[in-house]
Amino acid sequence: MLALSTARSTCTRCTRKQRQLFSKSEILTKRVLSRQFASTSKSTSSSSTSSDGTTNRSRWFGRRIAITFLGLTIPTTYFFLPSSPGITPHLYSDQTVSCTKTISPQHKLITVDIPSKSIEYFMKPFRRDGSLANSGIERQQSQQDQQNQQNQQGEDDKKEWEIVIQHMMIKSPDIQIERPYTPINDPTKDDQVRMVVKRVRGGEVGRVVHNLKDGDQVGIRGPIPTCSIFPNRYDKIIMISTGTAISPFLQLLSKLPSQHPPNSSSISTPTAAPSTVNHSKPQLHLIHSLPLEGREDWSSSNIDKSFIPCLQDKFGDQLKVTRINPGFIPKETIINSLRDEVKGNKRNILVLICLPPMLMRPLCGDMTPNLGQGPITGILGELGLTNDNVWKLE
Ligand SMILES: Cc1cc2nc3c(=O)[nH]c(=O)nc-3n(C[C@H](O)[C@H](O)[C@H](O)COP(=O)(O)OP(=O)(O)OC[C@H]3O[C@@H](n4cnc5c(N)ncnc54)[C@H](O)[C@@H]3O)c2cc1C
């Protein structure tokens, strides 16, 4: 009984307090209302004020509730709804494929736009060893500073200026496997990655990519460093490839600055970021196999500004392109390309090779099972080139 009466008295106290609070808040509300009401009713007659009092009060409450509701929901939504995902090297995100083009029965060109928050990964690329490469932002800064260009040029030439070739990983949503694909363009200039994907018989990720339509989503991560190059160190860079293995070289040529005035081509040539900065000029030689008979030679078409014809417009005499028959790389082609340099300073040549193992082996020897470079043997070894001059791309 005592407990009950205590509980009841506590309860009464509570209700009394509550009632006091309510009446206080009621008085306050009334005061605010009367103030607001007075200000709004100045223009209207006093009779209408009294008759519309309840309507105005409910309007005022409605407004209050709406403001409170918005005040709570907007920050909650902001914090709890996932923001649009960026492209990162370590985590997959679904990104919209903005454009797909069938460029041959076996090849599809896909474009994925890079969210602005992810462009940093392309501007400040990492090397394979995880360290930060000496490119990107520094190039942009020297470009901005047109006034100090002359002074800057000397500084830049001395710098170990670097280009990192990067690739992306694309995932199959059905079975959790991923495959690497190399953008053909310079993503820092285009804010997008464009990749040529070959469909091979029974190929899983190739199938996924070839089924994509404009506006579809694809699981992607990257960029991941393939290799990095210091163009200023070389008098000549030779690139040897076949099929889609040309992609890293198309990317390299898209990223390299040109000193050749762009031609008035129907497709605009990429305006190289540091073209105003006169970096030392490596001679460029692309040796690329022709496709098998009956297959389309997509890389020599004008479909994309990163394909061979536009790059030739961009580089002019600086870039030599040699097309060879499909199959083994002829020794004479290599000897001809190396002729002048081998007589002189071999250290100033870089040979980049992106070929299937069957073609890479006789040219320069295999990569090691854990994708190390391995010794330089084969034709390039016979010509006296070493690991200082040759880089094998997987
Ligand atoms: C660093 C790097 C960058 C790459 N960049 C590109 C690129 O830009 N574009 C591109 O198309 N590919 C590129 N590749 C190859 C690509 O990653 C895949 O290996 C290829 O697309 C096959 O994947 P898939 O899932 O379709 O076929 P899978 O399911 O892996 O293979 C199915 C079958 O096809 C065979 N096969 C695999 N590849 C080939 C081939 N090239 N020719 C003939 N048969 C093959 C396999 O041995 C297997 O028997 C790159 C590879 C590396 C390592």
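- The name given to the protein in an unreviewed UniProt entry is FAD-binding FR-type domain-containing protein, with the source organism recorded as Kwoniella shivajii.
- Under Cofactor (unreviewed entry), UniProt gives the following word-for-word description of the protein: "FAD".

## Concerning the overall build of the protein
- The helix and strand tally for the protein stands at 13 helices and 11 strands.
- Scored against the burial criterion, the 394 residues of the protein give a buried share of 31%.
- Sequence-distant contacts in the protein: of pairs separated by 6 or more residues, those separated by 24 or more amount to 71%.

## Focus on helix H9 (residues 247-255)
- When you tally the buried positions in H9, you get nine out of nine residues, the bulk of the element.
- Of all the positions in H9, only Ser247, Pro248, Phe249, Leu250, Gln251, Leu252, Leu253, Ser254 and Lys255 are classed as buried.

## Quick word on the site of the ligand
- The environment of the ligand is formed by 19 residues, the closest being Arg179, Lys198, Gly203, Val205 and Gly206.
- Secondary structure elements with two or more residues in the shell around the ligand: strand E4 (178-181), strand E5 (192-198) and helix H8 (204-210).
- The element contributing the most residues to the shell around the ligand is E5, with four residues.
- Its residues assigned to classes, the shell around the ligand comprises seven nonpolar, eight polar and four charged.

## Side note on the sheet that holds strand E11 (residues 390-392)
- Spatial strand order, E9-E8-E7-E10-E11: five strands in an open sheet with parallel pairing. This sheet does not close on itself; its edge strands, each paired only once, are strand E9 (319-324) and E11. Averaged over all pairs of adjacent strands, the angle between their axes in this sheet comes to 15°, without regard to strand direction.
- Bridge count for strand E10 (residues 349-354) against E11 is three bridges, and the pairing is parallel. Looking at the pairing, Val351 lines up with Val390 of E11.

## Let's talk about the sheet that holds strand E1 (residues 93-104)
- Spatially, the six strands line up as an open sheet ordered E4-E3-E6-E1-E2-E5, and their pairing is antiparallel. Only two strands of the sheet have a single neighbouring strand rather than two, namely E4 and E5. Adjacent strand axes in the sheet meet at a mean angle of 40°, parallel and antiparallel pairs treated alike.
- Where strand E2 (residues 107-113) lies against E5, seven bridges are found, and the strand directions are antiparallel.

## Quick word on the environment of Val205
- Take Val205: it is sitting in helix H8.
- Remark: the alpha-carbon pair of Val205 and Pro180, spanning 25 residues in sequence, is separated by 9.6 Å.
- In contact with Val205, other than residues within four places in its own chain, are Ile170, Ser172, Ile177 and Arg179.

Cut-off values and rules
- Residues numbered from 1 in each chain as written.
- Predicted model: local features only at pLDDT ≥ 70, side-chain atom pairs only at ≥ 80, totals over all residues.
- UniProt positions renumbered as here; feature names shortened; annotations may be inferred.
- Helix = DSSP H or I, 4+ residues; strand = E, 2+ residues; numbered from the N terminus.
- Buried ≥ 20, exposed ≤ 12 C-beta atoms within 10 Å, placed from the backbone.
- Contact = placed C-beta atoms within 7 Å.
- Near = placed C-beta within 6 Å.
- Nonpolar A, V, L, I, M, F, W, Y, C, P; charged D, E, K, R; others polar.
- Pairing = 2+ DSSP bridges.
- Axes fitted to C-alpha atoms, helices over the stretch in contact; angles between N-to-C directions.

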